[in-house]
Structure formats: C-alpha cells, structure tokens
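# A structural walkthrough
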Protein chains: 2
Amino acid sequence: MTATITDVARLAGVSMKTVSRVLNNEPNVTAKTRERVQAAAAELRYRPNLSARGLASSRKFLLALLYDNPSAEYIAAIQAGATEACRKRGFHLVVEPIRVPNGEITTELEVLLQRLPVDGVILTPPLSDMNALKDVFDDVKIPYVPIAPSEETKAKVPSVGMDDITAAEEMTQYLISIGHKDIGFIVGAPDHSASHLRKTGFLSAMKAAGLDVPQNRILQGDFSFESGKACAQKLLAGADRPTAIFASNDDMAAAVLSVAGKKNISVPNDLSVAGFDDTALAGVIWPPLTTIRQPIHDMGSRAARMLINGVTKTTEDIPPLMLEHNIIVRASTAPPARQS
Amino acid sequence: MTATITDVARLAGVSMKTVSRVLNNEPNVTAKTRERVQAAAAELRYRPNLSARGLASSRKFLLALLYDNPSAEYIAAIQAGATEACRKRGFHLVVEPIRVPNGEITTELEVLLQRLPVDGVILTPPLSDMNALKDVFDDVKIPYVPIAPSEETKAKVPSVGMDDITAAEEMTQYLISIGHKDIGFIVGAPDHSASHLRKTGFLSAMKAAGLDVPQNRILQGDFSFESGKACAQKLLAGADRPTAIFASNDDMAAAVLSVAGKKNISVPNDLSVAGFDDTALAGVIWPPLTTIRQPIHDMGSRAARMLINGVTKTTEDIPPLMLEHNIIVRASTAPPARQS
DNA sequence: GTGAAAGCGCTAACAT
DNA sequence: ATGTTAGCGCTTTCAC
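Before going into details, it helps to say that this report is about the structure given with it. (Residues numbered from 1 in each chain as written. Chains lettered and ligands numbered in written order. Predicted model: local features only at pLDDT ≥ 70, side-chain atom pairs only at ≥ 80, totals over all residues. Heavy atoms only, no water.)

## Some thoughts on the nonpolar core
- Among the nonpolar cores identified, the biggest contains 91 residues, and A:Ile147, A:Phe246, B:Ile147 and B:Phe246 are the most heavily contacted of them.
- Among all residues touching B:Phe246, those that are not within four sequence positions of it are B:Ala168, B:Met171, B:Thr172, B:Leu175, B:Ile183, B:Gly184, B:Phe185, B:Ile186, B:Phe202, B:Ala274, B:Gly275 and B:Phe276.
- Counting residues in hydrophobic clusters, the runner-up holds 56 residues, among them A:Ala189, A:Met252, B:Val284 and B:Leu289. (Core = buried A, V, L, I, M, F, W, Y, C linked by side-chain atoms within 4.5 Å. Buried < 20%, exposed > 50% of the residue type's maximum accessible area, 1.4 Å probe, protein only. Contact = heavy atoms within 4.5 Å.)

See the structure below:
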C-alpha cells in the first residue's frame, strides 16, 4: 500500500496535523520538526491523496480549461501555458471541450460544472464573452478567468487579454507604410469580441492615414479556414482587387494564400497577406506569414496563476491583465508592384 | 449548499446505500424504488461529489493524457477523441505534457504519476514505446494504453494503433501507379516506432515494383517542420532530384512544399509531395496535401474507452486494436512531367 | 431488496 | 508549537 499521512506521522514521531502543516507550508512548525517530517515523507515516498484533500478541504488542486473548438493551435498554446503554471504549483488541468449551440448555455454545461471538482475554470473565446456564463459560475461558486473577453466582461471580472485594437492598427500602419493603399480586411467570428476590436483597429488606422475603405473591402469571416477561402474568393474575383489583405487570424490568412495559389496570384509580388495570432501555422506555410504574435501561451499561464493564487476571490477590482504583442514581418508581405 | 446523498435519501425515503446503488447502476433495487430515487435526485439537482467518490472507492472518474510535444494537431485530435469518450461516461480528462529528456524516465514523472488521482493513462508516441514506463506504471498500479506503440510493446499490453506498414505501402504504390519511379523518402523521429514501420512499408513497395532506392533518397527527419526543411533542401539541391517526395508526416511534407516554393519548383507539376496523418494542416496549405488519413480521433476515444471499461485489468491477452486508414488524394501529387 | 455502521485520507476547529 | 477530535460525502462490508 501507499503510505498515508498517519504513516508519516508515526515515522516522524509527530501528530497527523503537524505533518499536514508541513505539507501545506503552514506556519507554527519548528524548522527541526519540519525537516524530520520531510525526511519521513521522502523515506516513505509519501504522496498526498488528492481526493481526500479535496473532500476535507475545498481545494481540489484541479483547474479546468473550457473551450469551444477554435483553432487547435490556439487551444494547444493556451493549454501549454496553463499546464506549465499548474505543474509548478502541484495543480493539474482538466480539459473540457464544450459546444454552446447558438450562444445558449445548455443544461449539459451546468451539470458539467456542478460535478467538476475544480478550483477554477479558464474560459477561452467565444466562451469568455458569454454573459449568461457569469450567472452559472456564480451559482456553482467556481472562480473563473476569461481570456480575451469583451470590454463589458472585462469590467466585471478579472481577465487576461491583449490590446487587439492597437495590434490591428499597427499591422495596418505597417501595410500602409510599405505602400499599400487598397487593403482588404477579413473579419473574425462575430461572437468573438476580438473580431470587433481588430476591425476597429484596422478602420481607425486607415482613417488616420486618410485612406478610404469601400464596403466591398470588408468581408465577414468566422476565423475558420473555409470562411477565409470564401472571403478571399470574393476579394480576389475580378481585376479590381486590393494589393493587400489583412485577415483577422492566421487560418483565414492561410486560406487567402491558398486561393491566391490557385489563381496564380503571386504572394507577395501581386498580393500581400497578413494574419493575426502567430500560431505554428504561420511559419509552416509558404510563404511564411506576416502576422501579430499574440502571447497565447502566456495568457494560459497567467490565467492559471490567477486562479491558483485566488486572485479572483478578492472583492477588489482587479484590472484586466493586458499582455504584450509584436508584429512579426515574414515573406507574405512586400510593397505593392502596382498601384490599384 | 449543494445536495448530498443523504438529502436525496431522505427525500426519497430510502437509505443512503440505496441511493448509492441507483447512482451506480447496481442490481438489487426495485424499479419503483429506483424511479423514486431518480426523481428525488433530479429534484434536488443532486451531483455526486467526485472527491468523496474517489476517496471511498478507488474510482476517480479521471483519465490522464500524457504527451511529449509532438504536433499540436495530433495531440488535439487524440484529446478530442478521448474527451468525447470520457464525457459519455461521466469521466474527465487531465492533460499532462511531459518531457522525457533522452529517453530517461525522470523522478519528476514518477512523482507525477504517484500523485495523479486517475483511473488510467493514455500514452502517445514516443512515450508509448518506452519500456521503462511499464515498470513505473506497474509500480504505481495505474492501467495505461499506449497509442501506436512498437511491436514489442504491443505484445505486452493492450494498445490501439493502425497498420503503418500497409499504409506507407499503399501511398508508395499510388505514387508508382501514377508514374513515379524516383521517390525521395523522409523518415520520422527514430524514437517513434511508427517511423520505422513507415519506412519499411515504403521500401517494401518500392522493392515489389522492382524500383531501386539509392541511399541519397532516404533522409532522416524527426517529424518537425524544421527537420523536413533540412531534408527537403538536400533532396532538392541539384538537378538530380526525385520526381516525388513522401514525407513521414504532414509537418515535414509542408516543409517540402515550403522549400519547393522558395526554389520555384512547382508542385505538383515538377514535384509531387505526399504526407502522412491528415492533420488539419494538410487541407489548409497550398497545394492541399495528398496524405494518409490516420484515425487519430478514434485512437483517442478507443484508448479512453478501454481504460474506462477496465479492459486493461483483465489478465487475458487483449490483441492490439488496429484502426482503419485511408489514402487521401489531393492536389499535391500528379504524374511526373519528366522522367528522371 | 434494503439498511446500519465503519471507514477511505485528509483538514478545520479547537484544545493544550 | 503541537495534538485531538470531528467530520467532508461517499462506498464498502455485513446484517437483516
């Protein structure tokens, strides 16, 4: 059998409670006693039983990551960050893909949350924006941290994110700076607030440069490769096409590349293409994508840390944690060969 | 407060134990009693406490997925399959990325396993092949199912996988059938047994067709995009180059595409490229990749099911579960324009 | 077919 | 600074 806390206590010649104190780094233990207990625990290869801990206290040493199938790369990065933060503090991460059909919280989700023995939940877009979720979480009393939520949500609960508007502005400014005047823009999924913010950034930078943006240069996508393809097909249909396309994520930018390839439009000579996210995909396609590096990994680890540290439990207002971004220039963008 | 089993028992007018029986689908309960209990549980919105369950019994309702950073897409697919199977049976999935430096099991891993309160573990390549792991798992008495393990491991423990040799043969035969005679092959990471099997399949199909494979047509990669790039650069260096390249996974095939793009070698006109896995990447790059569809998602769900059903606990020999594959022909392959 | 009692391994609250 | 006593919510004997 594996050793229990009483075994350790016996070997160390102290009480159960003292062992517990040492294990949980609580005060009121002599350095000497502490050492003795640690030695005993090591000797018996003692590992605390998480179920017992979870039952006796309310700490479960478990966090959950809820996601609604955005890009696999995006989730993988969040997950990597979160597991890293968890590992350092003895926590584990449970992953829960959930589909929220037409924005309706399902009973399924409520049931899931009620029986999920976790100390906190990380929410990814578009889940991070769902107002109805706040009530559900408050109801089951589980702290949560939304990643990249809307301005509205940001005001209510601690969150982590980045400055999508500024990032989109910077990319647009860069495209303008190398000579583009006619730039197409592919919008992300409407239920992600980042979509609106990025569009806002694009428009504001265009306006600031005195550049006009006709209606037909703005197309609605949903962050999927397929949607990017459909938008690119429209944007690249006739002779009157933009000299650059800025897509709201890398998947859609890859789709633009794919459509351009099929139409024998050379990138970046005849068309510049920019993405957003800097997922692994960006470096792996040809030509490699100019994009915005989002600190996705960090978002995951910071969200996990906030939950573990109990930041979300304080009543004070915690300002949203905004992480840095960078613009990454690769081979998919260049000055335009022709003026439109 | 959330309702407990005693609340349900009181409301249903039965004992705790009877409620427990109903919840766990145990026999010896009248249909009538069963209904009454279920009604009471529903009314109180009762959710069993997993920590308490885990403490009282040995069932934790938790499975773990251990992985050592192969492609994000690959892990995402396994994870999707596993979570799906878990959801259906009231289980949850804990994810644990682990690095196993130069094939050495670390104490860190042992400690992790000892304190991880799970009913079973899913192992992905290259972890699935590590002989030392068997001892560790036997030691901590946690059942595990390796995905795509070596022949050696297959003989010892229940596992899920596919027929890598036949799949590689089929792809090679397809390339030969459309006219290729000079085919380059990029091998996967040496510590993945699938790498050897795929190479074996390639060579055997070439031999069966009476085709010679010079040494310089076989290059060693490691499944990463970068390694694929290095191999492609060698393969495509001079005028004496193959008319087709078969890479052992999609990431490396994408790298071949990328190098070809840079060198202005047109795919599939001047060069055919085939991959293996059919990850999301394959359909997203230009041109879309001819590849082998691996049932990765299914592998994840079958592995989870085996663990949940306790298949791995029986002493009988369970034959490895071999799942079907398909060859997916897309635009990256075509008959060769020139004969080499 | 059903129930009563005894823990599972740990921590919380209260001694000492 | 350390120990004692109760549980946490459930499943497991073993009675009935």
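## Here's the deal with unusual backbone geometry
Residue and element names in this part refer to chain A.
- Residues Pro125 and Pro126 are joined by a peptide bond in cis, for which omega reads 5°.
- Even without a glycine there, the phi angle at Phe223 is positive, about 80°.
- Relative to the helices and strands, Phe223 is located in the loop between strand E7 (218-220) and helix H11 (225-235).
- Overall, the relative accessible area of 15% leaves Phe223 in the buried class. (Helix = DSSP H or I, 4+ residues; strand = E, 2+ residues; numbered from the N terminus.)

## With respect to the interface of chain A and chain B
- With 46 residues of chain A in contact, the opposing surface of chain B contributes 46 residues.
- The contact between chain A and chain B buries some 4000 Å² in all, and 57% of this surface belongs to carbon and sulfur atoms.
- Looking only at chain A, the three residues that lose the most surface to chain B are A:Arg87, A:Arg115 and A:Trp286, adding up to 18% of its buried area.
- Where chain A packs against chain B, one counts 2 salt bridges. (Buried area = accessible area lost by both parts, 1.4 Å probe. Salt bridge = Lys/Arg side-chain N within 4 Å of Asp/Glu carboxyl O.)

## Quick look at the protein's contact with DNA strand D
- Close contacts around DNA strand D come from 24 residues, with A:Ser15, A:Asn28, B:Ile5, B:Lys17 and B:Tyr46 the closest.
- Note that a base oxygen of DNA strand D is positioned 3.2 Å from one of the backbone N or O atoms of A:Ala56.
- One nitrogen or oxygen atom from the side chain of B:Ser20 is found 2.9 Å from a phosphate oxygen belonging to DNA strand D.
- Counting residues per element, the ones that place at least two in the surface near DNA strand D are helix H2 (16-23) and helix H4 (50-56) of chain A together with helix H2 (16-23) and helix H4 (50-56) of chain B.
- For the surface near DNA strand D, a count of residues per class yields 10 nonpolar, 10 polar and 4 charged. (Near = heavy atom within 4 Å. Polar contact = N/O pair within 3.5 Å; in protein donor to acceptor, adjacent residues only side chain to side chain. Nonpolar A, V, L, I, M, F, W, Y, C, P; charged D, E, K, R; others polar.)

## Side note on the pattern of salt bridges
- For the coordinates displayed, the defined rule picks out 23 salt bridges over all chains.
- As a salt-bridge pair, A:Asp277 and A:Arg198 come within 3.8 Å of each other at their nearest N and O atoms. A residue pair is termed long-range when its members are at least 10 positions apart, and A:Asp277 in the loop between strand E9 (272-274) and helix H13 (280-284) and A:Arg198 in helix H10 (residues 193-208) qualify at 79 residues.
- Two residues, B:Lys134 and B:Asp138, come together in a salt bridge whose shortest N-O distance is 3.2 Å.

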